Amino acid sequence: KPVHVIPNGFRSDLFYPRDQAECRRALGLPPDRKILLAVGNLVEVKGHHYLVEAMAEVVKERQDVLCVIVGSGPLKKRLEGQVRALGLEEHVRLVGGRPHEEIPIWMNACDVFVLPSLNEGNPTVMFECLGCGRPFVGSDVGGVREIIFSEDYGLCSSSLSELVDKIIVSLGRCWKPTTIVRYGSQFSWQNISQRILDIYLSIYSVTTQRVSID
C-alpha cells in the first residue's frame, strides 16, 4: 500500500540565521576561534565521549578550535574528567543545560554543529541547525543520511577516525549558509504540518468517494 514518510521538523520562529558576532558576544565566546557545537543530554547514546576523543586528534591539526557541549546529564563528571585527562581544557567546554529559547543563539554562534550519536531517528537538532544555516556533522545513523545526503549541508561519519576527518574538513570548508537555510526551510513545522494535513485530506477525499459510490 502507499507509504508516506514525513521527517521531523523545527520551529522556524526560533531557529533562523542571526549575526554570529553578536551571538558570540552574548554568550561570552571568543570571536577569533573556530567553534564546534554539540547539543544533547549527557548520556551514553549521544556519544559525547567520542567527540571529546575526536577533539584530541582535531587539535593536533588546528589549535584554534573550541568545542562547546550544551547539555546536562549523568555523564557530566565523566566527560569533565576525560577532558582533563586529555589536556583539552582550552579546547572543550561543557556549559551545562540551557533553556530551549537560548539554543538558537548557541547554534548561530558556532561554525559547525556536531552530533556524534550512537543511535538517532530524525534528530530535531539536525533540523534546527539547518534552520540557522549551520552545517551538520554527525554519525551516519538512523535517518540522518536521508537528510544530510549532500555535502552542501553537512558530512556523515561511520567511525571515530571518520568523525575526526569530517570535523577537520568541515572547519576548513567555505560553507554557504543561504544554501543551507534554503534547504532546511522545507522542514519548518509549518511545512511539515501542511504535508501531514495534505495526506489526511487525500485519504479523507478517497474515503468519501468510496462511501458515495457504495
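The structure under discussion appears in the preceding block.
Residues numbered from 1 in each chain as written. Predicted model: local features only at pLDDT ≥ 70, side-chain atom pairs only at ≥ 80, totals over all residues. Heavy atoms only, no water.

Trainee: I'm lost on the packing of aromatic side chains in this one. Help?
Mentor: We describe a pair of aromatic rings using the distance from one ring centre to the other and the angle between the two ring planes. Tallying each qualifying case throughout the model produces six aromatic pairs. On the basis of an interplanar angle of 25 degrees and a centroid distance of 6.2 Å, the ring pair of Phe 113 and Phe 136 is categorised as stacked. Residue Phe 113 is located in strand 4 (residues 112–115), and its partner Phe 136 is located in strand 5 (residues 136–139); the two are separated by 23 residues in the primary sequence. Like Phe 113, the residue Phe 136 is buried in the burial classification. A connected cluster of aromatic rings, assembled from ring pairs, spans Phe 127, Phe 149, Tyr 153, Tyr 183 and Phe 187. The cationic tip of Arg 18 hangs over the ring face of Tyr 16; the distance from NZ or CZ to the ring centre is 4.5 Å. (Phe/Tyr/Trp six-rings, centres within 6.5 Å; stacked < 30°, edge-to-face > 60°. Helix = DSSP H or I, 4+ residues; strand = E, 2+ residues; numbered from the N terminus. Buried < 20%, exposed > 50% of the residue type's maximum accessible area, 1.4 Å probe, protein only. Lys NZ or Arg CZ within 6 Å of the ring centre and 35° of its normal.)

Trainee: I tried to follow the state of the cysteines on my own but got confused; where do I start?
Mentor: In protein chemistry, a disulfide is the covalent bond that joins the sulfur atoms of two cysteines. Inspection of every chain in the model, using the stated rule, returns zero disulfides. Its sulfur unpaired, Cys 67 is 10 Å from the next cysteine sulfur, which belongs to Cys 110. Cysteine Cys 156 shares no disulfide, and the gap to the nearest cysteine sulfur, in Cys 129, comes to 11 Å. Of the residues examined, Cys 156 reaches a relative accessible area of 6% and is grouped as buried. (Disulfide = S-S within 2.5 Å.)

Trainee: Looking at this structure, I do not really get the side chain of Ser 170. What am I missing?
Mentor: The topology assignment puts Ser 170 in helix 7 (residues 160–172). Discounting chain neighbours no more than four positions away, the residues touching Ser 170 are Val 112, Val 137, Leu 155 and Trp 175. (Contact = heavy atoms within 4.5 Å.)

Trainee: When you look at the environment of Val 45 in this model, what are you seeing that I'm missing?
Mentor: Along the chain, Val 45 falls in the loop between strand 1 (34–39) and helix 2 (48–61). For the pair Val 45 and Glu 120, spaced 75 residues apart in sequence, the C-alpha to C-alpha distance is 8.6 Å. In contact with Val 45, other than residues within four places in its own chain, are Ser 117, Leu 118 and Asn 119.

Trainee: I keep staring at the sheet that holds strand 1 and nothing clicks. Help me out?
Mentor: Note on sheets: strands pair through backbone hydrogen bonds, and any given pair is parallel or antiparallel. The strand order across the open sheet built from six strands is 3-2-1-4-5-6, with neighbouring strands paired in parallel fashion. Looking at strand neighbours, the two that pair on one side only are strand 3 (92–96) and strand 6 (154–157), the edges of this open sheet. The mean inter-strand angle of the sheet, taken between neighbouring strand axes irrespective of direction, is 20 degrees. Of the pairings in the sheet, the one linking strand 5 to strand 6 comprises four bridges and is parallel in character. Residue Gly 138 lies in a different strand from strand 6, and its bridge partner there is Cys 156. Each of strand 1, strand 2 (65–70), strand 3 and strand 4 is contacted by helix 2, which is oriented at about 170 degrees to strand 2, the strand it contacts most. (Pairing = 2+ DSSP bridges. Axes fitted to C-alpha atoms, helices over the stretch in contact; angles between N-to-C directions.)

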